[in-house]
Amino acid sequence: MTRARTKDREEYNRLAQSFHPPRPVLRNALKAFLVGGIICTAAQVIFGYLSARLPRTQAFAMTSSLMVFLGAFLTGLGVYDEIGRFAGMGAALPITGFANSVVSPAMEYKREGFVLGVSARMFQVAGPVIVYGSLSALLVSILRVYVFK
Amino acid sequence: MTLLYAFLVGGALCALAQIIVDLTKTNPAFVMVSAVSLGAVLSGLGLYGPLVEIAGAGATTPLLGFGHSLVTGMLEDVARLGWFGLFTGGLRATAPGLMAAIVFGYLMAVLFNPKG
């Protein structure tokens, strides 16, 4: 009985799969490439402007802050989600997408209040990014400093 | 010239992430987390620094650059302060981005409402 049902389900899945349009992997990759590339080029333009006036590290840091501002602002306007729908990871992977992942849930949960809504939800995605980033960076740095000197 | 490399490298990293999302059906949030960790590992291997030299913001803007900053900051502070630098360097180096995310994230969430 159960085996028959599993078989039915497999059959069904295979049938259902054949009706799904194939994921346009290549086209999605191209869109991500273009939009991600444009965002990074914009950041490089900002960096070029700042690095003529500031030390290199500071110029990079300020560029990141500015890109975060732009990502957050465009998310507030509702523009960034449109870009995200078009470009997928091309919008999510740059630091502007990090800002988007902060503002989106914060805005969404505003009705639950400013403490448990806005500020608690801000780090729904950004939190894991910071936690795993910090932990892996710690591990990598320990290896660099104490193991492979 | 760096502008072109910024476009190519930044675009390529995003395209790669998109291909991973499409082929493995992974949640984009998992890919973002993995990207930061991958950036940290590439930084530790000494590969990400040269990429930043070539592509500038094309390498620092994708989330892998966040992992790279964390590692660079830790190594800088270890050189300055000893082992405790492991606890000070990461967030010191990434503070500008994080502070901007907190300040502007909060501000925009207060000012705007979700569309649709």
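Preceding this section is the structure that the text describes.
These figures come from a predicted structure and were not determined experimentally. (Residues numbered from 1 in each chain as written. Chains lettered and ligands numbered in written order. Predicted model: local features only at pLDDT ≥ 70, side-chain atom pairs only at ≥ 80, totals over all residues.)

J.: How would you sum up the overall build of chain A? Please name residues and give values.
T.: The helix and strand inventory of chain A stands at 8 helices and 0 strands. N-terminal to C-terminal, the α/β element order of chain A is α-α-α-α-α-α-α-α. Here the C-alpha atoms of chain A give a radius of gyration of 21 Å, more than 25% beyond the 15 Å that 2.2 N^0.38 yields for 149 residues. Across its three principal axes, chain A shows a C-alpha extent of roughly 70 × 50 × 40 Å. (Helix = DSSP H or I, 4+ residues; strand = E, 2+ residues; numbered from the N terminus. Rg over C-alpha atoms; globule rule 2.2 N^0.38 Å.)

J.: Lay out the interface of chain B and chain A in plain terms, naming residues and giving numbers.
T.: With 59 residues of chain B in contact, the opposing surface of chain A contributes 64 residues. Breaking the side of chain B that touches chain A down by element, the ones donating at least two residues are α1 (2–24), α2 (28–44), α4 (57–60), α5 (64–81) and α6 (85–111) of chain B. Here the element with the most residues in the side of chain B that touches chain A is α1 of chain B; it accounts for 17 residues. Across the side of chain B that touches chain A, the residue classes break down as 41 nonpolar, 16 polar and 2 charged. (Contact = placed C-beta atoms within 7 Å. Nonpolar A, V, L, I, M, F, W, Y, C, P; charged D, E, K, R; others polar.)

J.: Go over helix α4 (residues 79–87) of chain A, please, and point to the residues and values.
T.: Residue and element names in this part refer to chain A. Buried within α4 are the following residues: Tyr80, Ile83, Gly84 and Ala87. Projection of α4 onto a plane perpendicular to its axis shows the buried side chains occupying an angular sector of 100°, all on one side. Contact partners of the buried residues in α4: α2 (25–51), α3 (56–77), α5 (89–92) and α6 (95–108). Trailing α4 by a residue or two, Gly88 shows a phi angle of about 55°, which is positive. (Buried ≥ 20, exposed ≤ 12 C-beta atoms within 10 Å, placed from the backbone. Arc of directions from axis to C-beta.)

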